[in-house]
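Geometric and topological summary
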4 protein chains.
Amino acid sequence: MHRQVRTTPRKRPRQQRSKDTVDTILEATARVLVKLGFDGLTTNAVATAAGVSIGSLYQYFPNKEALVSALIERHVEQMNGAVLAELSRVATLPMQEATRCVIELTIRAHAVDPALHRVLTEQVPRVGKLAKLRELDEICHRMVAGLLAARKHELAIRDPDLAAFLLVSTIESIVHRAALLYPDRLRDPRLIDEATLLVTRYLGVAPN
Amino acid sequence: MHRQVRTTPRKRPRQQRSKDTVDTILEATARVLVKLGFDGLTTNAVATAAGVSIGSLYQYFPNKEALVSALIERHVEQMNGAVLAELSRVATLPMQEATRCVIELTIRAHAVDPALHRVLTEQVPRVGKLAKLRELDEICHRMVAGLLAARKHELAIRDPDLAAFLLVSTIESIVHRAALLYPDRLRDPRLIDEATLLVTRYLGVAPN
Amino acid sequence: MHRQVRTTPRKRPRQQRSKDTVDTILEATARVLVKLGFDGLTTNAVATAAGVSIGSLYQYFPNKEALVSALIERHVEQMNGAVLAELSRVATLPMQEATRCVIELTIRAHAVDPALHRVLTEQVPRVGKLAKLRELDEICHRMVAGLLAARKHELAIRDPDLAAFLLVSTIESIVHRAALLYPDRLRDPRLIDEATLLVTRYLGVAPN
Amino acid sequence: MHRQVRTTPRKRPRQQRSKDTVDTILEATARVLVKLGFDGLTTNAVATAAGVSIGSLYQYFPNKEALVSALIERHVEQMNGAVLAELSRVATLPMQEATRCVIELTIRAHAVDPALHRVLTEQVPRVGKLAKLRELDEICHRMVAGLLAARKHELAIRDPDLAAFLLVSTIESIVHRAALLYPDRLRDPRLIDEATLLVTRYLGVAPN
DNA sequence: GATGAATGAGTCTTCATTCAT
DNA sequence: GATGAATGAAGACTCATTCAT
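Residues numbered from 1 in each chain as written. Chains lettered and ligands numbered in written order. Predicted model: local features only at pLDDT ≥ 70, side-chain atom pairs only at ≥ 80, totals over all residues. Heavy atoms only, no water.

Another point: the overall build of chain A. Helix and strand counts for chain A come out as 9 helices and 0 strands. Counting across all 208 residues of chain A, residues that qualify as buried make up 52%. Expressed as a percentage of contacts within chain A between residues at least 6 apart in sequence, the contacts between residues at least 24 apart total 70%. Per element, the accessible surface of chain A, about 9900 Å² overall, is 54% carbon and sulfur. (Helix = DSSP H or I, 4+ residues; strand = E, 2+ residues; numbered from the N terminus. Buried < 20%, exposed > 50% of the residue type's maximum accessible area, 1.4 Å probe, protein only. Contact = heavy atoms within 4.5 Å. Areas by Shrake-Rupley, 256 points an atom, 1.4 Å probe, with all protein chains shown as cover.)

This paragraph deals with the relation of the copies chain D and chain C. If you rotate chain D by 180° and push it 0.1 Å along the axis, it lands on chain C with an RMSD of 0.4 Å. Between the two chains, the operation in question is that of a two-fold axis. Of every C-alpha in chain D, the one belonging to Thr170 of chain D sits nearest the axis of rotation, 2.4 Å from it. (Least-squares fit on C-alpha atoms with pLDDT ≥ 70 in both.)

Next up on the list: the interface of chain D and chain C. With 46 residues of chain D at the interface, the matching set in chain C holds 45 residues. Roughly 4200 Å² of surface becomes buried between chain D and chain C when both sides are summed, with 55% attributable to carbon and sulfur atoms. Taken together, the connections running from chain D to chain C amount to 6 salt bridges. A salt bridge links Arg190 of chain D to Asp159 of chain C, with the nearest nitrogen and oxygen atoms 2.4 Å apart. For the pair chain D and chain C, the interface holds 17 residue pairs in polar contact (both at pLDDT 80 or more). Elements supplying a minimum of two residues to the side of chain D that touches chain C: helix 1 (16–40), helix 6 (114–123), helix 7 (130–150), helix 8 (160–181) and helix 9 (189–203) of chain D. In terms of residue class, the side of chain D that touches chain C is made up of 21 nonpolar, 8 polar and 17 charged. (Buried area = accessible area lost by both parts, 1.4 Å probe. Salt bridge = Lys/Arg side-chain N within 4 Å of Asp/Glu carboxyl O. Polar contact = N/O pair within 3.5 Å; in protein donor to acceptor, adjacent residues only side chain to side chain. Nonpolar A, V, L, I, M, F, W, Y, C, P; charged D, E, K, R; others polar.)

Moving on, we come to the interface of chain A and chain B. Between chain A and chain B, the contact holds 46 residues from the first and 47 residues from the second. Interface of chain A and chain B: buried area, both sides summed, is about 4200 Å²; carbon and sulfur atoms make up 55% of it. When the buried area of chain A at its contact with chain B is split by residue, Phe165, Arg177 and Arg201 of chain A rank highest and sum to 15% of it. Here chain A is connected to chain B by 6 salt bridges. Run the count over chain A and chain B and you get 17 residue pairs in polar contact (both at pLDDT 80 or more). Going through the elements one at a time, helix 1 (16–40), helix 6 (114–123), helix 7 (130–150), helix 8 (160–181) and helix 9 (189–203) of chain A are the ones with two or more residues in the side of chain A that touches chain B.

On to the relation of the copies chain A and chain B. Overlaying chain A on chain B yields an RMSD of 0.4 Å, the required transformation being a rotation through 180° with an accompanying axial translation of 0.2 Å. Both copies contact each other with a shared surface, as 96% of the interface residues of chain A are interface residues in chain B too.

Helical periodicity: at 3.6 residues per turn, an α-helix aligns residues three or four positions apart in one direction. All names here are of chain A. The end-to-end C-alpha distance of helix 8 is 31 Å, a good match for the 32 Å that 22 residues give at a rise of 1.5 Å each. In terms of burial, helix 8 is largely enclosed, as 18 of its 22 residues are buried. Regarding helix 8, its N-cap is Asp159, as a side-chain oxygen of that residue lies 2.9 Å from the backbone nitrogen of Asp161 further along. (Expected span 1.5 Å × (residues − 1).)

A word on the nonpolar core. The biggest cluster of nonpolar side chains holds 135 residues, and the ones touching the most others in it are Phe61, Leu148 and Leu203 of chain A together with Phe61, Leu148 and Leu203 of chain B. Ignoring anything within four residues of it in the chain, the contact list for Leu203 of chain A reads Met95, Leu148, Glu154, Leu155, Ala156, Ile157 and Leu167 of chain A. (Core = buried A, V, L, I, M, F, W, Y, C linked by side-chain atoms within 4.5 Å.)

A full pass over the atoms with the stated rule returns 4 aromatic pairs over all chains. Between Phe165 of chain A and Tyr182 of chain B, the ring centres sit 5.5 Å apart and the planes meet at 75°, which makes this aromatic pair edge-to-face. Placement of Phe165 of chain A in helix 8 and of Tyr182 of chain B in the loop between helix 8 (160–181) and helix 9 (189–203) is noted, with the two residues assigned to different chains. When the ring centre of Tyr182 of chain D is taken as reference, the NZ or CZ atom of Arg185 of chain D above it lies at 4.9 Å. (Phe/Tyr/Trp six-rings, centres within 6.5 Å; stacked < 30°, edge-to-face > 60°. Lys NZ or Arg CZ within 6 Å of the ring centre and 35° of its normal.)

In this section: the side chain of His110 of chain C. Residues and elements named next belong to chain C. With respect to the secondary-structure elements, His110 resides in helix 5 (residues 95–111). The class of His110 is buried, set by a relative accessible area of 6%. Polar contacts involving the side chain of His110 include one to the side chain of Glu172, which spans 3.5 Å.

Here chain A shows a mean pLDDT of 86. Residues at 70 or above account for 87%. Per-element confidence in chain A ranges from a low mean pLDDT of 82 for helix 6 of chain A to a high of 96 for helix 9 of chain A. (pLDDT = per-residue confidence, 0-100.)

The next subject is the pattern of salt bridges. Think of it this way: side chains of opposite charge can pair up when their charged atoms draw near. With the rule as written, the count across this model stands at 39 salt bridges over all chains. For Asp137 of chain B, the salt bridge is made with Arg177 of chain A, and the minimal N-O distance between the two is 2.4 Å. In this pair, Asp137 of chain B is assigned in helix 7 (residues 130–150) and Arg177 of chain A in helix 8, connecting two distinct chains. Judged by its relative accessible area of 14%, Arg177 of chain A falls in the buried class. The partner of Arg190 of chain C in a salt bridge is Asp188 of chain C, with the nearest N and O atoms 3.3 Å apart. Several salt bridges converge on common partners, so that one network encompasses Asp23, Glu27 and Arg74 of chain A.

Attention now goes to helix 9 (residues 189–203) of chain C. Residues and elements named next belong to chain C. Relative to the 21 Å expected for 15 residues at 1.5 Å per residue, helix 9 spans 21 Å between its end C-alpha atoms, a close match to the ideal helical length. Counting buried positions along helix 9 gives 11 out of 15 residues, so the element sits mostly inside the fold. When we look at burial in helix 9, the residues that qualify are Leu191, Ile192, Glu194, Ala195, Thr196, Leu198, Val199, Thr200, Arg201, Tyr202 and Leu203. The N-cap residue of helix 9 is Asp188: its side-chain oxygen and the backbone nitrogen of Arg190 are 2.8 Å apart. In the stretch just after helix 9, Gly204 is the one whose phi turns positive, near 75°.

For any two helices packed against each other, one specifies the inter-axial angle together with the distance between the axes. Residues and elements named next belong to chain B. The interhelical angle for the contact between helix 8 and helix 9, taken along N-to-C directions, is 170°, at an axis separation of 12 Å. The orientation of helix 8 relative to helix 9 falls into the category roughly antiparallel. Counted together, Ala163, Leu166, Leu167, Thr170, Ile171, Ile174 and Ala178 of helix 8 and Leu191, Leu198, Val199, Tyr202 and Leu203 of helix 9 form the full contact between these two elements. Residue composition of the contact of helix 8 with helix 9, grouped by class: 11 nonpolar, 1 polar and no charged. (Axes fitted to C-alpha atoms, helices over the stretch in contact; angles between N-to-C directions. Parallel < 35°, antiparallel > 145°, perpendicular 65-115°, else oblique.)

Residue and element names in this part refer to chain C. Helix 9 packs onto helix 5 with a crossing angle of 135° between their chain directions and a minimal axis gap of 9 Å. Judged by the angle between their axes, helix 5 and helix 9 are oblique. Read as a crossing pair, helix 5 and helix 9 show a hand that is right-handed. In this structure, helix 5 uses Met95, Gln96, Thr99, Arg100, Ile103, Glu104 and Ile107 to contact helix 9, whose residues at the interface are Pro189, Ile192, Asp193, Ala195, Thr196, Val199, Thr200 and Leu203. Classifying every residue of the contact of helix 5 with helix 9 gives 8 nonpolar, 4 polar and 3 charged. (Left-handed = near helix turned anticlockwise from the far one by under 90°.)

What follows deals with the environment of Glu172 of chain C. Following the sequence through the fold, Glu172 of chain C ends up in helix 8 (residues 160–181). Look at Glu172 of chain C and you get partly exposed, because its relative accessible area is 22%. Separated by 145 residues in sequence, Glu172 of chain C and Glu27 of chain C place their C-alpha atoms 26 Å apart. In this structure, Glu172 of chain C is in contact with Thr106 and His110 of chain C together with Arg177 of chain D, ignoring residues within four places of it in sequence.

Let's shift gears to the environment of Ala178 of chain C. Position of Ala178 of chain C among the secondary structure elements: in helix 8. Sequence-wise, Ala178 of chain C and Ile107 of chain C are 71 residues apart; in three dimensions their C-alpha atoms are separated by 9.5 Å. Discounting residues that sit within four places of it in the chain, Ala178 of chain C has contacts with Pro183, Leu186 and Leu191 of chain C together with Phe165 of chain D.

Before going further, it helps to spend a moment on the state of the cysteines. All names here are of chain A. Enumeration according to the criterion identifies 0 disulfides over all chains in this entry. With no disulfide of its own, Cys140 lies 15 Å from the sulfur of Cys101, the closest cysteine sulfur. Exposure remark for Cys140: the relative accessible area of 14% places this residue in the buried category. (Disulfide = S-S within 2.5 Å.)

The following block contains the structure:
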């Protein structure tokens, strides 16, 4: 879009104290982001919220983008872990059950820090690091595609990749939209049932 | 999130001359938004792009947000027209055909000014006009729900409202994501076929 | 202080209609001035308040200063009339009575449009026309000096001019300050009594 | 009159360096105010005059009014000291002498930085710090009232409070007006003599 | 390393004034 | 003459970033 700036951390924290400072700053970033939105996110606000001098902040992050970038990275990594583990665990379950598990997983993922997740999803595209956010998507997409390909014989689909694209989009969007518009629905088992139905019928593995 | 600013236009243009000015400004806003993103959108940049003095801009828009706000409103209105008309036209078609039409319609809607659509979708939360943008969603949701309810007897669903929520989310997200990540896929008939399959299988009206 | 601009009206209104317009504008100026202070006084605000187009305003007043200038002139003229007439009427009365009359007159003058008077007095110095405001002072000063000189034999003063300066300052300031700080006192006869006492004792014409 | 803005300083200077900066800025404010008047007082002009970046100015003063506000406060405090001390010192002197001292004191107070005093007096209403400026008045009023009450037996007055109001108004206005219109007169002992006469005759303590 | 004072480019926004209709 | 759309210089204010202490 415009000027692209370096976003790699200026230096790796070696001592524990530095590591703590970095964490403190990132948590402050998250708090400010949630509270004031991307527009309210000023380096000074973050420094203050972190109880750190602005100079110290710049000791660890070369600029504002790097701040957000690191936060996203951390957020994505946190999600990644859980999601990927679950995704492979599920690979051997009966299809219908697997589907349900993935959906529930997605819901849980959205429940970790919904406010932050939301701000990050909605307001962050501007940072060049939006790519980072999509990484998870990409990985999920490929894993699901692999999963479908492996069990293609029991499924009513032609192109596992295309199907994976559809399903990842679908599940992610249903959960995301529910989280956004009707947070209560996320607790409603009927939503999960119905979403499971949508997927399993498409795959030709619905019960009845 | 934070301070909400007035975004209502400052004064209604009366003469034709000023109507033109407003249009010029809005089009410039769209151009700048697409080219520079929300952060590159400065009132001066818009004025310049519109070939209008900054003063003129402020005659009609009290601030930056009002600019985007008006743009969204216009964009939504433009979409509304096409979508709603098509949605009711489709009501009497065989279910499978109707589904396909709606999907194609959604794709067409996204193809109008994809770049603008994208930036608007992504940056809208920051202007507080989310509500406005969701309006279309809401209407679609309700129309689809009505449509499903009317033909419930031929469908394999229990709750038309819940189903409508799922389907609108699904279609919108598939198209949106495709537009975002793989614009080429939007031209691929296989995507449409597959999405239609996803929906019709869920509804229990798939051919075979 | 800085740039000095022409403040003479651009053209004399010939027709009655024009005269009305000018009046309307001046009254609007007064209203805006009272309501929003000098800083809120914008030419557009005045035009709107007057129900006149900004273009028309500039037909009669070459710039903003001219507006205020004309208003002051009008205000001063209105005061002048009353004050001067009374001042000469009083010349033949017994000194003590004359004093009382002048004080009451001053109070009345301050009561005409106190809000406007206040704004004009407090906020207007900036206009080059503050001189205009002092004109009244000057005239009063000279008239009082003349009055004192004419009756010097019955008074305990040496220098009528100096005495006049003192007395005009004194009366004006007492009334002005009372109007500003304790408007109620203006209705209190004790204030008038006491001020009269102050003056007459100084002049050596107090009763007892 | 209209919107009242926060005028409290933005942050207390902690280091000596910043204390200096604040002082420099205030002095520049005074200079600019005297030279260009309230309208010429732009934050940029002050910053430039202070040899400080505009950013630094805003570190300490949230806006333009805060600048003037602080200046007034400082000015009033400076005056307060001198005036109050003198006023109590004078309490035991013979009435006539006391009067003369107070008048001379007032003249001296006006002579400290006459240009600044003038502009402050004239433009203060626009900053909303009128209250602050009146504080001194108020205090003087009460001190003089006390002084008169204490020595009521030797004076020809009934109501010490009312008399104090008259006298404070009178002296202040005579000096103020002289300073404004005829600065030379302030050096003229005859003015002091005559003003003393005005007061002492009123109080019934004039010599002959 | 930490601190926070200082910097100033960059924005938004207002308003007196002009001028085409 | 009247209208009000257009102009743009000018000014307030923010905030990412640097650097002396």
